[in-house]
Amino acid sequence: MSWCMKIKRMLSKKHRPCHKSCAGLTLIELIIAISLSAVIMTACAICVSTVVKGWGYVRLRDTSELAQARVVSVLQRDIASAVLLNETLFEGSSSSMSFSRLSQIYFADYGVLTIPCHVEWSRNAAGNLIRKETTITDIPSLKYENEIDFGKCTTFLLRYAGVPLSAETPKPNPLLQAPLKPTYEWQSEWPRLQYYPAAVQVQLEDFQFLARVMVYSAPDSQAPKKEAENE
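For the structure given in this document, a descriptive report is provided here. These numbers were taken from a predicted model, which means no experiment stands behind them.

**Regarding the pattern of salt bridges**
Then, number 1: Overall, the coordinates contain six salt bridges when judged by the stated rule.
Then, number 2: Glu133 is the partner of Arg101 in a salt bridge, and the nearest nitrogen-oxygen pair spans 3.7 Å. Here Glu133 lies in strand 4 (residues 128–135) and Arg101 lies in strand 2 (residues 97–107), a separation of 32 residues in the sequence. Comparing Arg101 with Glu133, the two get one shared label, buried.
Then, number 3: In this structure, the salt-bridge partner of Glu133 is Arg131, at a minimum N-O distance of 3.2 Å. This pair shows no difference in class: Glu133 is buried, exactly as Arg131 is.

What follows is the structure in structure tokens.
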């Protein structure tokens, strides 16, 4: 038989159907497979969600700690540089305080100037810690006001260390790191005396620190007599 005939026969043959068992998945097997896939995907989703929440918590805590560190830094700087300027007295309560200090502020017409300012720390109605700074001047071009909102602050408590106006004990120099006790007395309020406290104790959230007033104005020994004369 020639090769041509063989090729024609091969091409003319029909493919026989496969008689072997080629059965697919049953409905029960398909349901089981889908259920297992759903369980695995749910477990993976829970794991991913837990990791994301944990990472978010750590990031939020780090951000909160950085924000608190910034507040502490600004508070310590302000308190340390508080001075008696232009008869602006130090006034403080257990939750707020105001005083004067020398600040370096940039002005478009003059550049950076060291100018007396009035600084106030307090919490607003929403519970946010607020710092307000206003220049103490009558020159319109040097008028400046700035307000910083440090965000939510659940705890902001203040105490003041100083010698009472009627005290007769010697006034130590805080620059010499003299102990605050027993010469100084801690007070919850500072009622606009003619001198500044020696130090301020700040309770901020779960952190407490002590900030000293570097330029300390000691009380006048004649102040009680003057008050008595006025009375």
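**Let's talk about the side chain of Gln201**
Then, number 1: Locating Gln201 in the fold gives a position in strand 9 (residues 199–204).
Then, number 2: In this structure Gln201 touches Leu157, Leu158, Arg159, Trp186, Gln208, Phe209 and Leu210, once residues within four positions along its chain are discounted.

**Here we look at a nonpolar patch on the surface**
Then, number 1: Residues Leu27, Leu30, Ile31 and Ile34 make up a contiguous nonpolar surface patch of roughly 400 Å² in combined accessible area.
Then, number 2: Along the chain, the position of Ile34 falls in helix 2 (residues 27–80).

Reading guide: rules and limits
- Position numbers for residues start from 1 in each chain and track the written sequence from start to end.
- With pLDDT at 70 or above as the cut-off, local features in this predicted model cover only qualifying residues; side-chain atom pairs require 80 or more to be listed or tallied, and sums for whole chains, interfaces and linings still use all residues.
- Side-chain measures here rest on the full set of heavy atoms in the structure, leaving out hydrogens and waters.
- Salt bridge, as used here: a side-chain nitrogen of Lys or Arg that lies within 4 Å of a carboxyl oxygen of Asp or Glu.
- A run of DSSP states H or I qualifies as a helix once it reaches four residues; a run of E qualifies as a strand once it reaches two. Both are numbered from the N-terminal end.
- Buried means the residue's accessible area, taken with a 1.4 Å probe over protein chains only, is under 20% of the maximum for its type, while exposed means over 50%, and partly exposed covers the values in between.
- Contact definition: two residues touch when any of their heavy atoms are within 4.5 Å.
- Surface patches are drawn from residues lacking salt bridges whose relative accessible area is over 30%; two like charges belong together within 9 Å, two nonpolar side chains (Val, Leu, Ile, Met, Phe, Trp, Tyr) within 5 Å.
- The Shrake-Rupley method, run with a 1.4 Å probe sphere, supplies the accessible areas, and residue values consider only the shown protein chains as cover.

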